[in-house]
Amino acid sequence: MKEYDIIRGPLVTEKTTLQKELNNQLTFKVDKRANRVEIKDAVEKNFNTKVKQIRTIQVKGKVKQRGKILGKKKDWKKAIVTLMPGQRIDFFEGV
């Protein structure tokens, strides 16, 4: 699996924005099959930063109902990446 295939995209919510400002942590949606070592290597190579710690969470897809039809969203994996002090990644540089 290539480094650019592992990271699906950043998760930007109020909670993740606070984590970024206070604890220098970023949250990414990642491939379900990737482990912590692969995620760390992908973040370091793609964003040219140093990673201190990785925490991963398996998120279960929600069950949704539309009328009589019952469906389920896909399960996915979330990675919380703690960067070394002095390191940053800016997603919205122009804002």
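For the structure itself, consult the block above.
Structural notes, computed from the coordinates. Keep in mind that this is a model prediction, so the values were computed, not measured.

Topic: the pairing of strand β6 (residues 76–83)
Piece 1. β6 sits mainly inside the fold: six of its eight residues count as buried.
Piece 2. Where strand β3 (residues 51–59) and β6 come together, eight bridges link them in antiparallel fashion. Bridge pairing links arginine 55 to isoleucine 80 in β6.

Focus on the nonpolar core
When a protein is soluble and globular, its nonpolar side chains tend to lie buried together.
Piece 1. Counting residues in hydrophobic clusters, the biggest one holds 15 residues, and the most contacted among them are Phe28, Ile39, Val43, Val51, Val81 and Leu83.
Piece 2. Within the residue set of this core, elements represented by two or more residues are β2 (25–30), α3 (36–47), β3 and β6.
Piece 3. If sequence neighbours within four positions are ignored, phenylalanine 28 has contacts with Ile7, Gly9, Pro10, Leu11, Val43, Phe47, Lys77, Lys78, Ala79, Val81 and Phe91.

What about the pattern of salt bridges?
Piece 1. Per the counting criterion, the structure on display carries three salt bridges.
Piece 2. Arginine 8 is paired through a salt bridge with aspartate 31; the nearest N and O atoms lie 2.2 Å apart. Note that arginine 8 is positioned in strand β1 (residues 7–10) and aspartate 31 in the loop between β2 and α3, a separation of 23 residues in sequence.
Piece 3. Three or more residues are tied together by salt bridges with common partners; here these are Arg8, Asp31 and Arg33.

Conventions adopted
Residues numbered from 1 in each chain as written. Predicted model: local features only at pLDDT ≥ 70, side-chain atom pairs only at ≥ 80, totals over all residues. Heavy atoms only, no water. Buried < 20%, exposed > 50% of the residue type's maximum accessible area, 1.4 Å probe, protein only. Helix = DSSP H or I, 4+ residues; strand = E, 2+ residues; numbered from the N terminus. Pairing = 2+ DSSP bridges. Core = buried A, V, L, I, M, F, W, Y, C linked by side-chain atoms within 4.5 Å. Contact = heavy atoms within 4.5 Å. Salt bridge = Lys/Arg side-chain N within 4 Å of Asp/Glu carboxyl O.

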